[in-house]
Amino acid sequence: MWEQIMTRLGALDPSVIKSGLMAIAGVLTSLISSLMGEHQSLFYWLFGFVVTDYVTGIVAAARTGTWSSRCGLKGLIRKFVILLIAIGFHGIDQILNEPWIGAWAIGALSLNEFVSVLENLEKAGFQSIIPRRIRDMLDVVKVKQEKKLKDELPSGTTNERAL
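Residues numbered from 1 in each chain as written. Predicted model: local features only at pLDDT ≥ 70, side-chain atom pairs only at ≥ 80, totals over all residues. Heavy atoms only, no water.

**Some remarks on the overall build of the chain**
Here comes step 1: When its secondary structure is counted, the chain shows 6 helices and 0 strands.
Here comes step 2: Secondary structure elements in the chain, listed N-terminal to C-terminal, are α-α-α-α-α-α.
Here comes step 3: Rg of the C-alpha trace for the chain: 20 Å, well past the compact-globule value of 15 Å for 163 residues, more than 25% over.
Here comes step 4: With the C-alpha coordinates aligned to their principal axes, the bounding extent of the chain is approximately 60 × 45 × 35 Å.
Here comes step 5: Scored against the burial criterion, the 163 residues of the chain give a buried share of 21%.
Here comes step 6: With the model as given, the accessible surface of the chain reaches about 11900 Å², and the carbon-plus-sulfur share is 67%.
Here comes step 7: Here the chain contributes 17 positive and 15 negative side-chain charges, whose respective centroids are spaced 6 Å apart. (Helix = DSSP H or I, 4+ residues; strand = E, 2+ residues; numbered from the N terminus. Rg over C-alpha atoms; globule rule 2.2 N^0.38 Å. Buried < 20%, exposed > 50% of the residue type's maximum accessible area, 1.4 Å probe, protein only. Areas by Shrake-Rupley, 256 points an atom, 1.4 Å probe, with all protein chains shown as cover. Lys, Arg positive; Asp, Glu negative; His and termini not counted. Charge placed at Lys NZ, Arg CZ, Asp CG, Glu CD.)

Okay, structure coming up:
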């Protein structure tokens, strides 16, 4: 099946592919513009962080030898859900007529993605480009998160995925 699809795509004129991709991008951009209203620019920042996190995650997994297509698919699904959550919070702020709700949610999601990008860079072996103070702050956050997870788990159990 994939071979047939790739053969057909290979037979297409590059300008047709480019036009198709531009049309899809135009439709998605106008849809986001319609959905997000005043939070459109925040959503684009979140989208940029999501894409960067996914790409740096792939690089980190490739460099550590832990890449798998199943993990990559799970990551894509997670990223899609993050974007849906942002759209959902924007909807809530429109319903309640409180514009800070959507901005706060998108900001929190963006911050989380940015921290994940820094962690991926560190896993990939690029920690030298992250300033020492930021790495120290990340270590503090990791320790606090691990302590919180240990406190929440019943004694005698472990959560390997969370740690």
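On we go.
**Observations regarding the nonpolar core**
Here comes step 1: In terms of nonpolar packing, the biggest core is built from 10 residues, these being Ile32, Met36, Phe43, Leu46, Val50, Ile82, Leu83, Ala86, Ile106 and Leu109.
Here comes step 2: Secondary-structure elements contributing two or more residues to this core are helix H2 (14-36), helix H3 (40-64), helix H4 (69-96) and helix H5 (99-123).
Here comes step 3: In this structure, Val117, Leu118, Leu121 and Ile130 belong to the second largest nonpolar core, which totals 5 residues. (Core = buried A, V, L, I, M, F, W, Y, C linked by side-chain atoms within 4.5 Å.)

**Looking at the packing of aromatic side chains**
Here comes step 1: Under the criterion given, the structure shown has 3 aromatic pairs.
Here comes step 2: Measuring from centroid to centroid gives 6.0 Å for Trp45 and Phe49, while their planes differ by 35°, and the two rings are tilted. Of this pair, Trp45 and Phe49 are both found in helix H3, 4 residues apart, which corresponds to roughly one turn of the helix.
Here comes step 3: Residue class for Trp45 comes out exposed when judged on its relative accessible area of 58%.
Here comes step 4: For the ring pair Phe49 and Phe114, a centre distance of 5.7 Å and an interplane angle of 65° mean the geometry is edge-to-face. (Phe/Tyr/Trp six-rings, centres within 6.5 Å; stacked < 30°, edge-to-face > 60°.)

**A few points about a nonpolar patch on the surface**
Here comes step 1: A surface patch of nonpolar side chains, about 1100 Å² in accessible area, is lined by Trp2, Ile5, Met6, Leu9, Leu12, Val16, Ile17, Leu21, Ile24, Leu28, Leu31 and Leu35.
Here comes step 2: Residue contributions to the nonpolar patch peak at 7 residues, all from H2.
Here comes step 3: Its place among the elements puts Leu9 in helix H1 (residues 2-11).
Here comes step 4: Given the relative accessible area of 40%, Leu9 is considered partly exposed. (Patch = residues over 30% accessible without salt bridge, like charges linked within 9 Å, V, L, I, M, F, W, Y side chains within 5 Å. Salt bridge = Lys/Arg side-chain N within 4 Å of Asp/Glu carboxyl O.)

**A few points about the pattern of salt bridges**
Here comes step 1: In this structure the tally under the stated criterion is 4 salt bridges.
Here comes step 2: Two residues, Lys79 and Asp53, come together in a salt bridge whose shortest N-O distance is 2.3 Å. Residue Lys79 is found in helix H4, and its partner Asp53 is found in helix H3; the two are separated by 26 residues along the sequence. Asp53 carries the same exposure label as Lys79, and that label is buried.
Here comes step 3: A salt bridge links Arg132 to Asp136; its shortest N-O distance comes to 2.9 Å.

**Some words on the environment of Trp104**
Here comes step 1: Note that Trp104 resides in helix H5.
Here comes step 2: The sequence separation of Trp104 and Leu73 amounts to 31 residues, and the corresponding C-alpha distance is 28 Å.

**Here we look at H2**
Here comes step 1: Here H2 spans 32 Å end to end across 23 residues, near enough to the 33 Å set by a 1.5 Å rise per residue.
Here comes step 2: Looking at the residues trailing H2, positive phi occurs at Gly37, about 50°. (Expected span 1.5 Å × (residues − 1).)

**Brief notes about the side chain of Asp93**
Here comes step 1: Relative to the elements of secondary structure, Asp93 occurs in helix H4.
Here comes step 2: No salt bridge forms around the buried Asp93; measuring N to O, its nearest opposite-charge neighbour Lys79 is 22 Å away.
Here comes step 3: Here the side chain of Asp93 touches Gln94 through a polar contact of 3.0 Å, side chain to side chain.
Here comes step 4: Residues contacting Asp93, with those up to four places away along its chain left out, are Glu38, His39, Glu98, Pro99, Ile101, Gly102 and Ala103. (Polar contact = N/O pair within 3.5 Å; in protein donor to acceptor, adjacent residues only side chain to side chain. Contact = heavy atoms within 4.5 Å.)

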